Structures are given as C-alpha cells and as structure tokens.
Amino acid sequence: MLVQNIGGVLCVKTDLPQTFLSRRSALGLISGALGGATLAACSGGSSSGDSSSSSSSSSSSSSSGSGSGSGSSSSGSSTTSCTLTPEGEIGPYFTDDSATAYNRSDIRSNLDGSSTQSGIPLTLHIYVYDFDNNCAALSGAQVDIWHCNAAGVYSNESVESTLGQSWLRGYQLTDASGALTFKTIVPGWYQGRTTHIHLRVRSSYNEASSTSDGSNTTQLFFPQATIDTIDTTVSPYSSEGKNSTTNANDHVYTPETEGKMELTLSGDSSNGYVASCIIGLPITAV
C-alpha cells in the first residue's frame, strides 16, 4: 500500500547511530493520518545519521481498514518510504492458529464469541511493505498478533490455566494495499516484561510458523508514561498496579528492537486508542 497524503503523511528516517548503516540494521517508521484519525507509527524520532531506506511513488492508492479510524480511497501523488523492521523474539506463548476462524479482525473474544476480554479498546492498523522492492505494498502476507489480557494472562496456555481459550489471538492477510486492521485491547503486563504485543509476518521472505523460530517476529511497545498511568488509575489494569519492568530495562525493547517499535497512540483511556505500524520486510535481526 502507498499511504495517502490525507492530512499529511510523514516519511521519516530512523534515528540510528553511525555504526548501524547496513541494510540489516535499518528499522521501520512512518507516521500519518487517515480519514481524520491519527494513525501513529512505530516511531524512532528524527535522524541523527544516515540509515538504509527505500521508497516508491505512485499516482494513486487506497486504504481501508476493518475497524474504526480507517481511511477511504483517494487519488493523488504519494510517496512511501520504509526501512527494515527489527526482529524481536517470539517468546513462549505463540500457539497454533491454523484454524480458519483465527483469520479475524476483532480478537477480543474466543473464536465462538465468548469470554470477551475487558480493557481499553485498541485499533491497530498495520501496513506491510517490501523493502527489497522499493517499498512496494505486499499483499497476501499473513500477520499474526497475540498478547496478554489486562491481568497479564495469555489464552491457550496450560501454565495460565487457559487451555482451549483463544482470545487475544488472530491473524489476517494483507490486502492489495498491504494493509489490515486489528481490534483488540491495550495489554496488561506480567512479571519480567514491559507491556507489549507480539507480531509475526509470514510471507515469501519467511514462512516460519513454529513456536521456536522467531526469525519473522517482532514486538510492539507502548509509551512508558501512558502505561504507567493506565496501570495505576484505569480498571481493570489498576488491580495489578505499576509494573516494575519498564521499557528501559525490558530485555527486548532496547537490546533486540533498539526502541524502534514503540507505538504512538491517539485517543484516550476512556474512548480507546488508535495506532498504526509500518512493517518493512524482511524482518531482520540487528
């Protein structure tokens, strides 16, 4: 997909140090607005040095998400810039999601619609681009996301006593514009990790689907001040209190993704948040 210049699309280079100039060290970032709703990108700030990037142009494109805040079709000149998305470990909680029912936009409940998880609504727009093909939109890529609930618990895990549950898990295939949208909730936290969402992209670059191969996975993070406020003032998150593991001392946030996969949120805790993230393939270890 080529992101439309509706309200202005910012094509921004990442803020990598001079020692990370190779193709394998480039990270993904764009932020913009669609349909009047701010769709925040996995942000990295302004450039302080050069960074490998790729871009493409087109006279027209369209974007449409399945959730609130999605944009509508529009014509006009547009340029997309992307950089490679950093690999983040798969973690211990990925489970088989081959059942077609997992192909869904709203992942807040079990596949049968039961056990809808409470929490702050989060609409997550994801755009997948092919870095090696001038950042062309990549259609047909399978994007999985999974994360814990407000209490820090994952579904379908024996250690969590949730076997057979399927909430907060799902996948979608990107459309011709490389786009898709998930409806979920802001995750809670559990001991030893900051608040995060797992993301896996299966494509012609990497079709790994095992529970141990994280070569096509990354993780998305949230602003520290926002999650601190949520964890101490917003029910049901406040029942768990403030997390002692912050973004700064999380073992994935900086060591693996160098802080480049933090979402910028629009909205509020009462009405829900909207965020977006650009994924530049192939996902690459840094």
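Just so you know, these numbers come straight off a predicted model, no measurement behind them.

## Some points on the overall build of the protein
Along the protein, the regular secondary structure elements total one helix and 16 strands. When burial is assessed residue by residue, the protein has 55% of its 286 residues classed as buried. A separation of at least 24 residues holds for 75% of the contacts in the protein among residues at least 6 apart in sequence. Of the roughly 10800 Å² of accessible surface on the protein, a fraction of 47% belongs to carbon and sulfur atoms.

## Points about the packing of aromatic side chains
Under the definition given, this model contains five aromatic pairs. Ring geometry for tyrosine 93 and tyrosine 154: centres 4.2 Å apart, planes at 20 degrees, overall stacked. Of this pair, tyrosine 93 sits in the loop between strand E6 (74-82) and strand E7 (121-130) while tyrosine 154 sits in the loop between strand E9 (142-146) and strand E10 (169-173), placing them 61 residues apart in sequence. Of the two residues, tyrosine 93 and tyrosine 154, both sit in the buried class. Ring centres of tyrosine 93 and tyrosine 190 lie 6.0 Å apart, and the angle between their planes is 90 degrees; on these two criteria the pair is classed as edge-to-face. Separated by 97 residues along the polypeptide, tyrosine 93 in the loop between E6 and E7 and tyrosine 190 in the loop between strand E11 (179-185) and strand E12 (196-202) bring together distant segments of the chain. Here the two residues tyrosine 93 and tyrosine 190 agree in accessibility, since each one is buried. Three or more aromatic residues link up through ring pairs in this structure, and these residues are Tyr93, Tyr154 and Tyr190. The residue whose ring lies beneath arginine 200 is phenylalanine 94, and the NZ or CZ to ring-centre distance is 4.7 Å.

## Concerning the nonpolar core
If you look at the biggest cluster of nonpolar residues, it comprises 38 residues, and the most contacted ones within it are Ile126 and Ile279. The set of elements that each furnish at least two residues to this core consists of E7, E9, E11, E12, strand E13 (217-221), helix H1 (224-233) and strand E16 (272-281). The element contributing the most residues to this core is E16, with five residues. Formed by eight residues, the second largest nonpolar core is a distinct cluster that contains Tyr127, Tyr129, Phe131 and Ile278.

## Points about the state of the cysteines
Evaluated as defined, the whole model comprises one disulfide. Shown here is the disulfide that connects cysteine 82 with cysteine 135, its sulfur atoms set 1.9 Å apart. Measuring the twist about the S-S bond at about -95 degrees, one finds the cysteine 82-cysteine 135 disulfide to be left-handed. Within this pair, whereas cysteine 82 is found in strand E6, its partner cysteine 135 is found in the loop between E7 and strand E8 (136-137), the two being separated by 53 residues in sequence.

## Here we look at the pairing of E12
Of all seven residues in E12, seven are buried; the element is thus mostly enclosed. What you see with E12 is no split at all: His196, His198, Arg200 and Arg202 on one side and Ile197, Leu199 and Val201 on the other are buried throughout. Taken together, the five bridges between E9 and E12 define a ladder with antiparallel strand orientation. Looking at the pairing, aspartate 144 lines up with arginine 200 of E12. Pairing geometry for E12 and E13, over five bridges, is antiparallel. For histidine 196, the partnering residue across the bridge sits in E13 and is phenylalanine 221.

## Things to note about unusual backbone geometry
Peptide bonds are mostly trans, and most non-glycine residues show a negative phi. Of note, the amide linkage connecting serine 235 to proline 236 takes the cis form, showing an omega dihedral of 5 degrees. Relative to the elements of secondary structure, proline 236 occurs in the loop between H1 and strand E14 (262-263). Geometrically, the link from leucine 281 to proline 282 is a cis peptide bond, its omega value of 5 degrees lying close to zero. Among the secondary structure elements, proline 282 is positioned in the segment after E16.

## Let's talk about the pattern of salt bridges
Evaluated as defined, the whole model comprises five salt bridges. Arginine 202 is the partner of aspartate 97 in a salt bridge, and the nearest nitrogen-oxygen pair spans 3.2 Å. Pair noted here: aspartate 97 is in the loop between E6 and E7 and arginine 202 is in strand E12, with a separation of 105 residues, a long-range link. Pair check on accessibility: aspartate 97 and arginine 202 agree, each one buried.

## Side note on the confidence of the model for the protein
Summary statistics for the protein give a mean pLDDT of 80 and a share of 72% for residues scoring 70 or more. Considering only residues more than four positions removed or in separate chains, one finds that residues 1-41, a stretch of pLDDT under 50, has 152 contacts. Scored below 50 in pLDDT, residues 43-51 shows 29 contacts in the model against residues more than four places distant or in partner chains.

## Examining the side chain of histidine 196
Along the chain, the position of histidine 196 falls in strand E12. On the basis of relative accessibility, which here comes to 2%, the residue histidine 196 falls in the buried class. Only 3.5 Å separates the side chain of histidine 196 from the side chain of arginine 193, close enough to count as a polar contact. In terms of polar contacts, histidine 196 uses its side chain to reach the side chain of histidine 198, at 3.1 Å. Discounting residues that sit within four places of it in the chain, histidine 196 has contacts with His147, Tyr154, Pro187, Tyr190, Gln219, Leu220 and Phe221.

Rules used throughout
Residues numbered from 1 in each chain as written. Predicted model: local features only at pLDDT ≥ 70, side-chain atom pairs only at ≥ 80, totals over all residues. Heavy atoms only, no water. Helix = DSSP H or I, 4+ residues; strand = E, 2+ residues; numbered from the N terminus. Buried < 20%, exposed > 50% of the residue type's maximum accessible area, 1.4 Å probe, protein only. Contact = heavy atoms within 4.5 Å. Areas by Shrake-Rupley, 256 points an atom, 1.4 Å probe, with all protein chains shown as cover. Phe/Tyr/Trp six-rings, centres within 6.5 Å; stacked < 30°, edge-to-face > 60°. Lys NZ or Arg CZ within 6 Å of the ring centre and 35° of its normal. Core = buried A, V, L, I, M, F, W, Y, C linked by side-chain atoms within 4.5 Å. Disulfide = S-S within 2.5 Å. Pairing = 2+ DSSP bridges. Salt bridge = Lys/Arg side-chain N within 4 Å of Asp/Glu carboxyl O. pLDDT = per-residue confidence, 0-100. Polar contact = N/O pair within 3.5 Å; in protein donor to acceptor, adjacent residues only side chain to side chain.

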